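Reading the structure
The residues making up each chain are set out below.
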Amino acid sequence: MSNDFRSDVLAGVLGQRLIRRNCPKCRAPHAPSPALVAQYFSAPPAGGFSKGKGCDACGGTGFAGQLDVFELLTPDPAVVETIGDGAPVDELRRIALSRGWKPLVEDALARAKRGETTLGEIARKLPPRYGVRS
Ligand SMILES: [Zn+2]
């Protein structure tokens with residue numbers, strides 16, 4: 001390595017967000033706007049999306065509780081070297097993606113495809129700049 005970055009002190013980097021969970025009592029199929037879908041997907045997922053309609057159980061909000069979405073970067077030698085070299089974030093991101101790292105927006109989008117949250121909720125907490133298109 002070209003500097004004194006101590007790779008032995010970095011075990012991992014965890015990124016996390018809480019996003020609202022669709023209410024299980026009133027959740028129903030939902031079609032978000034094509035523009036919103038296009039911000040995250042090159043083609044709309046086959047299974048579609050869901051959204052809570054609002055009911056007594058959720059106080060009419062359509063949401064009940066929260067989901068924990070996360071990403072975990074465990075540094076392999078290439079990642080450690082990139083960090084130690086002080087590379088720009090975009091470069092670190094490129095290296096991490098090539099090593100199998102999944103940004104937290106990918107976790108969130110998988111949850112939306114399973115109907116656990118809405119695409120609008122993801123856009124509210126994780127704008128497209130946080131991730132890559134699926
Ligand atoms: Zn509800």
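Quick caveat, the model's predicted, so the values are computed rather than measured. All chains use their own residue numbering, which begins from 1 and follows the written sequence. Predicted model: local features are reported for residues with pLDDT of at least 70 only, side-chain atom pairs are reported and counted for 80 or more only, and whole-chain, interface and lining totals are derived from all residues. Side-chain metrics in this entry use all non-hydrogen atoms of the structure; hydrogen atoms and water are not considered.

Thoughts on the overall build of the protein chain
A run of H or I in DSSP counts as a helix once it spans at least four residues, and a run of E counts as a strand once it spans at least two, with each numbered from the N terminus. In terms of regular secondary structure, the protein chain is built from five helices and four strands. Mapped from its N terminus to its C terminus, the protein chain presents α and β elements in the order β-β-α-β-β-α-α-α-α. Exposure categories follow from relative accessible area, calculated using a 1.4 Å probe and restricted to protein chains: below 20% of the type maximum is buried, above 50% is exposed, and the middle band is partly exposed. Considering the protein chain as a whole, with its 134 residues, one finds that 34% of them fall into the buried category. For this analysis, residues touch if any pair of their heavy atoms sits within 4.5 Å. The long-range fraction of contacts in the protein chain, counting pairs at least 24 apart against all pairs at least 6 apart in sequence, stands at 79%.

Brief notes about the nonpolar core
Working definition of a nonpolar core: buried Ala, Val, Leu, Ile, Met, Phe, Trp, Tyr and Cys residues. They are joined through side-chain atoms within 4.5 Å. Core analysis: the largest hydrophobic core is formed by 16 residues, its most contacted members being Tyr40, Phe41, Leu109, Leu119, Ile122 and Leu126. Sorting the residues of this core by element identifies α1 (34-40), β4 (63-73), α4 (104-113) and α5 (119-125) as the ones contributing at least two each. Broken down by element, this core gets its largest block of residues, five residues, from α4. Every residue in contact with isoleucine 122, bar those within four places of it in the chain, is listed here: Ile19, Tyr40, Val105, Ala108, Leu109, Ala112, Thr117 and Pro127. In this structure, Val79, Ile95, Ala96 and Trp101 belong to the second largest nonpolar core, which totals five residues.

Let's talk about the pattern of salt bridges
Whenever a carboxyl oxygen of Asp or Glu lies within 4 Å of a side-chain nitrogen of Lys or Arg, that contact is scored as a salt bridge. One pass over the full model with this rule turns up six salt bridges. Glutamate 116 is the salt-bridge partner of arginine 111, the closest N and O atoms lying 2.6 Å from each other. Each member of the pair, arginine 111 as well as glutamate 116, is classed as buried. The residue arginine 114 makes a salt bridge to glutamate 116 at a minimum N-O spacing of 2.8 Å. On the basis of relative accessible area, glutamate 116 is assigned to the buried category, the value being 17%. One salt-bridge network, held together by shared partners, links Arg20, Glu121 and Arg124.

Quick word on the layout of surface pockets
Both site types are read off a 1 Å grid over the protein atoms alone. A 1.4 Å probe that fits but cannot get out defines a cavity, while an open set with protein on both sides within 12 Å along at least five of seven lines defines a pocket; lining residues have an atom within 4 Å of a point. Grid points are joined across faces, edges and corners, and a volume is the space filled by probe spheres set on the points. Roughly 250 Å³ of volume is contained in the largest pocket. Taken together, the elements giving at least two residues each to the lining of the largest pocket come down to β1 (13-22), β4, α3 (89-98) and α4.

Things to note about the coordination of the zinc ion
At the metal site, the zinc ion is ligated by Cys23 (SG), Cys26 (SG), Cys55 (SG) and Cys58 (SG), and these contacts range over 2.3 to 2.4 Å. Look at where the donors of the zinc ion fall in the sequence and you get C-x2-C-x28-C-x2-C. Nitrogen, oxygen and sulfur within 2.8 Å of a metal are treated as its donors, or within 3.2 Å for sodium, potassium and calcium (Na, K, Ca); water is not counted, so a site can appear incomplete.

Here we look at a nonpolar patch on the surface
For patches, a residue must show more than 30% relative accessible area and have no salt bridge; joins then use 9 Å for like charges and 5 Å for nonpolar side chains, namely Val, Leu, Ile, Met, Phe, Trp and Tyr. Note on areas: Shrake-Rupley with a 1.4 Å probe; residue coverage comes only from the protein chains shown. Taken together, the side chains of Leu14, Phe70 and Leu72 make up a nonpolar region of the molecular surface, amounting to roughly 310 Å² of accessible area. Checked against the element boundaries, leucine 14 lands in strand β1. Among the residues examined, leucine 14 registers a relative accessible area of 57% and is labelled exposed.

A word on α4
Burial in α4 covers these residues: Leu104, Val105, Ala108, Leu109, Arg111 and Ala112. For α4, the buried positions fall inside an angular range of 155° around the axis, keeping them on one side. Buried residues along α4 sit in contact with β1, α1, β3 (49-52), β4 and α5. Throughout, the arc means that of the directions going from the helix axis to the C-beta atoms.

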